[in-house]
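# Reading the structure
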Amino acid sequence: MWRKVLLVGMVMTLAASLLVAAPVTIRFWHAMNGPLGQMVQKLVNEFNQTHPNIVVKADYAGSYSETLSKTIAAVKGGNPPDIVQIYDIGTQMMIDSGIIIPLQKFIDEDKTFDVNTLIPQARGYYTANGKLYSLPFNSSNPVIYYNKTLFKKAGLDPNNPPTTWSQFKEACKMLTIKNSKGNTVQYGFTSGVIGWFFEQYMAVQNALMFNNENGRVSRATKAIFDDPAGLRIFNFWNDLIQSGVMINAGPGWDNANGIFASQKAAMLLDSTSDVGMMLKQGKEGHFEVGVMALPHPNGVPYGGVIIGGASLWMINTHNTQREQAAWEFIKWLESPKQQVQWSKGTGYFPINKNALTRIMHEGFYAEHPQYLTTVFQLLMSNVTPATRGGIAGPFPQIRATVEKALSKMFNHEMTPSQALKWAQDQANQELQEYNSLYQ
Amino acid sequence: MTRKLISYLLLVPTFLIIGLFIYYPAVLTFQKSVYRVSPFGNRNIFVGLGNFKTLFTSQSYIQEMWTTLLFVAVTITVGLTISLLFSLLLNEKVPGIGIFRTIVFSPYAISPAIAGMLWSFLLNPVVGYVSYVLLNLFGIQSHWMTTYPAALIAVMVATVWQNLGFNIIFFLSGLQGIPKSYYEAATIDGAGAIKKFFKITLPLLSPITFYLAIMNITFTMFTVFGVIDIMTQGGPGNKTTTLIYRLYRDGFIYFRTGMASAESVILIVIMAIVTFVYFRFVQRKVHYR
């Protein structure tokens with residue numbers, strides 16, 4: 001009898017110890033497709049090899065909005081992932097979701113992790129109400145790519161790109177070429193109609209999108225971008241298009257990229273994340289690509305640019321073991337070695353200071369100065385409520401509203417001031433509708 | 001009695017699946033349409049008919065209704081006419097007709113996203129083939145995706161092109177179902193080609209045309225948002241946003257579940273009315289042999 005009890009006891013202890021030793025499995029949903037996705041998987045594999053007690057299962061969940069959409073569905077279905085990559089403008093929605101653990105909790109508890117090693121511009125964006133909610137993963141900001149070869153042809157100095165709006169417009173004029181019939185065969189500048197650029201130009205002028213310090217001290221309740229700074233952007237953008245030195249590439253990024261790649265436009269407003277692709281296109285098309293920081297309006301004090309891209313959020317699974325494992329993984333991704341690897345493999349710049357230093361000493365930036373500009377501009381930015389970027393619940397909608405307003409202006413449906421006012425009124429309605437849910 | 005019971009039993013799985021995947025979500029849609037719902041569904045506020053009121057008092061929604069009407073009317077009329085013409089040609093007995101049929105049918109096999117990409121490459125204002133040809137032959141600088149009505153026309157063309165294959169296949173099978181003897185008799189009576197087309201072909205094709213019209217309304221009203229999303233994103237301004245594209249954006253880009261549900265309900269009602277009117281009044285004019 002006793003022998004049996006002993007045997008059962010032994011078997012149970014063995015089983016229990018096996019359970020303890022069994023690795024924790026966590027799920028990670030990301031929005032990185034193609035080569036970027038392969039890079040994520042490579043990092044995940046490396047983590048799994050070096051951390052035998054944790055198994056990370058990474059899955060591509062579609063575009064940024066699809067990833068958010070799938071996360072919502074998974075939360076409703078009671079089976080969410082542990083870590084999810086969410087785009088910048090989803091920040092307020094995630095804060096309000098009631099399903100996440102602010103990473104500040106782990107940063108406070110874990111003495112081995114020094115959050116100050118992350119660049120302040122990146123921390124600033126994901127901090128609200130004094131808490132760091134998520135950690136940046138793939139980070140970008142806007143820059144202007146320019147065709148140095150065409151600059152030379154137009155008699156412009158390719159090593160001295162414009163820094164102010166008036167210089168910029170002057171360059172656009174010089175780079176625009178018409179044929180004998182009066183049709184434009186080469187434009188000075190092109191860009192998609194993308195609301196993100198408007199937000200960036202507000203930050204360049206150190207102007208706010210929303211009240212309550214851009215929604216950073218408490219929830220944003222009013223849009224305040226209908227101000228001189230906003231109007232300046234609308235007027236400038238409209239002026240470039242109506243005067244024929246810029247071609248409106250329409251919605252999205254691809255058309256504008258195509259126009260720049262085929263040398264039909266000499267300058268392109270785009271994200272830093274495309275730097276690798278741009279250099280490759282330049283090589284294939286036999287022209288030299290330069291990268292310049294966003295020029296700013298004359299006489300307006302410089303603010304800076306806002307970090308874009310996406311960050312990593314931890315879902316509250318009510319399972320300490322899994323949460324701890326998820327934190328290990330996030331922490332590992334943020335560390336210098338992984339950031340160097342990620343940055344070199346993708347074109348997203350590293351957000352870890354030590355990673356930046358390491359890449360610099362390796363001579364990468366000396367060899368590829370275009371990559372330096374992409375991160376230099378961000379580091380030169382002042383960390384203010386304006387450059388930390390606005391956060392608001394219905395941000396995806398507000399961004400689209402600004403895009404609509406721009407199109408209405410380009411098509412002479414509205415004057416710049418009417419369009420801007422219309423956008424702000426719409427944004428206020430959208431804010432009110434969203435905020436009413438949390439009163 | 002047992003036969004009846006067994007037949008009902010055999011229907012149970014079908015009803016289960018329909019109930020679970022069609023009726024249950026539909027009921028939920030009706031329910032959600034009277035709420036304002038937070039993106040993660042953790043907050044719900046009962047707003048009664050508030051969502052509907054917001055929609056019907058919003059200028060943009062009314063504008064989108066007109067856009068949808070115009071979009072559906074034009075794509076169906078133009079689409080069916082062109083398809084009929086093509087199928088008349090493809091019904092001829094010429095060598096290699098199978099190859100032509102395959103070529104004409106192939107757009108239907110392409111996903112809307114790819115079709116959208118294709119057309120936006122073609123219509124790119126500077127590097128697109130269409131723009132290039134227009135510029136070099138006629139000196140026209142066109143801005144297809146960024147001006148109105150060019151953008152709406154561009155989206156319509158892409159939609160018509162995409163549905164072409166489907167329509168042609170059905171028209172072709174309809175044409176082949178018409179007995180040759182009718183035409184022979186008409187020839188003997190001295191009827192010309194045009195008279196034959198209007199007196200024989202068109203009436204005898206009416207059941208197929210009727211079916212295709214209903215199918216096309218359903219397609220264009222309920223599924224054409226891939227092409228719009230890729231080509232214009234509903235722009236410029238709001239000019240190419242149809243009701244279904246608006247619903248997609250509200251539901252999956254802006255996460256306004258309540259509003260999107262209200263829009264679904266409106267679409268369900270519109271579709272019910274269209275179907276009713278069509279079966280009640282148009283079907284009378286359809287000739288079945």
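Residues numbered from 1 in each chain as written. Chains lettered and ligands numbered in written order. Predicted model: local features only at pLDDT ≥ 70, side-chain atom pairs only at ≥ 80, totals over all residues. Heavy atoms only, no water.

Glancing now at the overall build of chain A. On a plain count of helices and strands, chain A comes out with 20 helices and 14 strands. Against the 2.2 N^0.38 benchmark of 22 Å for 439 residues, chain A shows a C-alpha radius of gyration of 24 Å, consistent with a compact globule. Along the first, second and third principal axes, the C-alpha atoms of chain A reach 105 × 50 × 35 Å. With 439 residues in all, chain A has 61% of them scored as buried. Nonlocal contacts in chain A, meaning residues at least 24 apart in sequence, comprise 77% of its contacts between residues at least 6 apart. Total accessible area computed for chain A in this model is approximately 17700 Å², and 56% of it derives from carbon and sulfur atoms. (Helix = DSSP H or I, 4+ residues; strand = E, 2+ residues; numbered from the N terminus. Rg over C-alpha atoms; globule rule 2.2 N^0.38 Å. Buried < 20%, exposed > 50% of the residue type's maximum accessible area, 1.4 Å probe, protein only. Contact = heavy atoms within 4.5 Å. Areas by Shrake-Rupley, 256 points an atom, 1.4 Å probe, with all protein chains shown as cover.)

A tally of helices and strands in chain B yields 12 helices and two strands. A principal-axis box enclosing the C-alpha atoms of chain B has dimensions of 75 × 75 × 30 Å. Counting the 289 residues in chain B, one finds 43% classified as buried. Of the roughly 15800 Å² of accessible surface on chain B, a fraction of 73% belongs to carbon and sulfur atoms.

Per the stated rule, a full pass over the model turns up 41 aromatic pairs over all chains. For the ring pair F137(A) and W342(A), a centre distance of 4.5 Å and an interplane angle of 20° mean the geometry is stacked. Here F137(A) is found in strand β7 (residues 135-140), whereas its partner W342(A) is found in helix α15 (residues 336-346), with 205 residues between them in sequence. Taken individually, F137(A) and W342(A) each receive the classification buried, so the pair is uniform in this respect. With 5.9 Å between their ring centres and 45° between their planes, F105(B) and Y108(B) make a pair best called tilted. Among the aromatic residues, those joined into a cluster by ring pairs are F105(B), Y108(B), F166(B), F170(B), Y211(B) and F219(B). Taking the ring centre of Y148(B) as reference, the NZ or CZ of K239(B) above it sits at 4.9 Å. (Phe/Tyr/Trp six-rings, centres within 6.5 Å; stacked < 30°, edge-to-face > 60°. Lys NZ or Arg CZ within 6 Å of the ring centre and 35° of its normal.)

Residues and elements named next belong to chain A. Among the five residues of strand β3 (residues 83-87), five are classified as buried, and the element is accordingly described as predominantly covered. Residues I83, Q85 and Y87 line one face of β3 and the alternating positions V84 and I86 line the opposite face, and both faces are buried. Note that strand β1 (residues 24-30) and β3 share two bridges and pair parallel. When the sheet's bridge partners are listed, F28 is paired in β3 with I83. Pairing geometry for β3 and strand β14 (residues 308-315), over five bridges, is antiparallel. (Pairing = 2+ DSSP bridges.)

This part takes up the interface of chain A and chain B. The interface is formed by 43 residues belonging to chain A together with 38 residues belonging to chain B. Carbon and sulfur atoms make up 59% of the area that chain A and chain B hide from each other, which totals about 3400 Å². Among the residues chain A hides against chain B, the three largest losses belong to P251(A), E433(A) and L437(A). Together they make up 18% of the total. Remark: the boundary between chain A and chain B carries two salt bridges. The shortest N-O distance in the salt bridge between K239(B) and E413(A) comes to 3.2 Å. Counting across the interface, chain A meets chain B through eight residue pairs in polar contact (both at pLDDT 80 or more). Among the elements that line the side of chain A that touches chain B, the one with the most residues is helix α3 (residues 64-76) of chain A, at seven residues. In the side of chain A that touches chain B, the residues fall into 17 nonpolar, 17 polar and nine charged. (Buried area = accessible area lost by both parts, 1.4 Å probe. Salt bridge = Lys/Arg side-chain N within 4 Å of Asp/Glu carboxyl O. Polar contact = N/O pair within 3.5 Å; in protein donor to acceptor, adjacent residues only side chain to side chain. Nonpolar A, V, L, I, M, F, W, Y, C, P; charged D, E, K, R; others polar.)

Considering the arrangement of structural elements, one finds Q233(B) in the loop between α10 (226-231) and α11 (243-253). Look at Q233(B) and you get partly exposed, because its relative accessible area is 32%. Sequence-wise, Q233(B) and R249(B) are 16 residues apart; in three dimensions their C-alpha atoms are separated by 9.5 Å. If near-sequence neighbours (up to four positions away) are discounted, Q233(B) is found in contact with P251(A), G252(A), I228(B), Y245(B) and R249(B).

Residues and elements named next belong to chain A. Parsing chain A into structural domains produces domain 1 (24-139 + 308-380) and domain 2 (142-304 + 394-438). For domain 1 and domain 2, the distance between their C-alpha centres works out to 28 Å. Of the residues lining the interface, 22 residues belong to domain 1; the matching set on domain 2 comes to 23 residues. When domain 1 packs against domain 2, close to 1900 Å² is buried across both sides, 54% of that on carbon and sulfur atoms. In this structure, the connection of domain 1 to domain 2 is made through one salt bridge. The partner of R219 in a salt bridge is D96, with the nearest N and O atoms 3.0 Å apart. Counting every contact that joins domain 1 to domain 2 gives nine residue pairs in polar contact (both at pLDDT 80 or more). Counting only elements with at least two residues in the side of domain 1 that touches domain 2, the list comes to α4 (91-97), α6 (120-125), β5 (127-128) and α18 (369-380). Considering every element that reaches the side of domain 1 that touches domain 2, the biggest residue donor is α18, with five residues. Tallied by class, the residues present in the side of domain 1 that touches domain 2 amount to nine nonpolar, 11 polar and two charged. (Domains from an automatic or database assignment.)

All names here are of chain A. For A122, the location among the structural elements is in helix α6. By relative accessible area, A122 is classed as buried at 0%. Separated by 266 residues in sequence, A122 and R388 have C-alpha atoms that sit 8.2 Å apart. Setting aside its immediate chain neighbours within four residues, A122 contacts P136, I307 and I351.

What follows deals with the nonpolar core. Of all hydrophobic cores here, the largest spans 147 residues; its most connected members are F225(A), M267(A) and F329(A). Built from parts of two domains, this core gets at least three residues from each of domain 1 (24-139 + 308-380) and domain 2 (142-304 + 394-438) of chain A. Residues F210(B), F219(B), I266(B) and Y278(B) belong to the second largest nonpolar core, which totals 34 residues. (Core = buried A, V, L, I, M, F, W, Y, C linked by side-chain atoms within 4.5 Å.)

So, about the pattern of salt bridges. Here the structure, examined in full by the defined rule, presents 19 salt bridges over all chains. Here R256(B) ties to E433(A) by a salt bridge, and the two come within 2.7 Å at their closest N and O atoms. Highlighted residues: R256(B) in the loop between α11 and α12 (257-282) and E433(A) in helix α20 (residues 416-435), drawn from two different chains. Each member of the pair, R256(B) as well as E433(A), carries the same accessibility label: buried.

Excluding glycine, a negative phi dihedral is what most residues carry, and trans is how most peptide bonds are arranged. With an omega of 5°, the peptide bond running from Y148(B) to P149(B) counts as cis. Put simply, G235(B) and P236(B) share a cis peptide bond, and its omega is 0°. Position of P236(B) relative to the elements: it lies in the loop between α10 and α11. Phi is positive for Q263(A), close to 60°, though the residue is something other than glycine.

Mapped onto the elements, S139(A) comes out in strand β7. Among all residues touching S139(A), those that are not within four sequence positions of it are I307(A), G308(A), Y348(A), F349(A) and I351(A).

Following the sequence through the fold, A207(A) ends up in the loop between α9 (195-204) and α10 (211-215). Setting aside residues no more than four positions away along its own chain, A207(A) makes contact with M202(A), D227(A), A229(A) and A386(A).

All names here are of chain B. At their nearest, the axes of helix α3 (residues 59-90) and helix α9 (residues 193-222) sit 10 Å apart, and the two run at 140° to each other. The orientation of α3 with respect to α9, classified from their angle, is oblique. For the pair α3 and α9, the sense of crossing is right-handed. Seen from α3, the contacting residues are T68, F71, V72, T75, I76, L80, L84 and L88; seen from α9, they are F197, T201, L202, L205, T209, L212, A213, N216, I217, T220 and M221. (Axes fitted to C-alpha atoms, helices over the stretch in contact; angles between N-to-C directions. Parallel < 35°, antiparallel > 145°, perpendicular 65-115°, else oblique. Left-handed = near helix turned anticlockwise from the far one by under 90°.)

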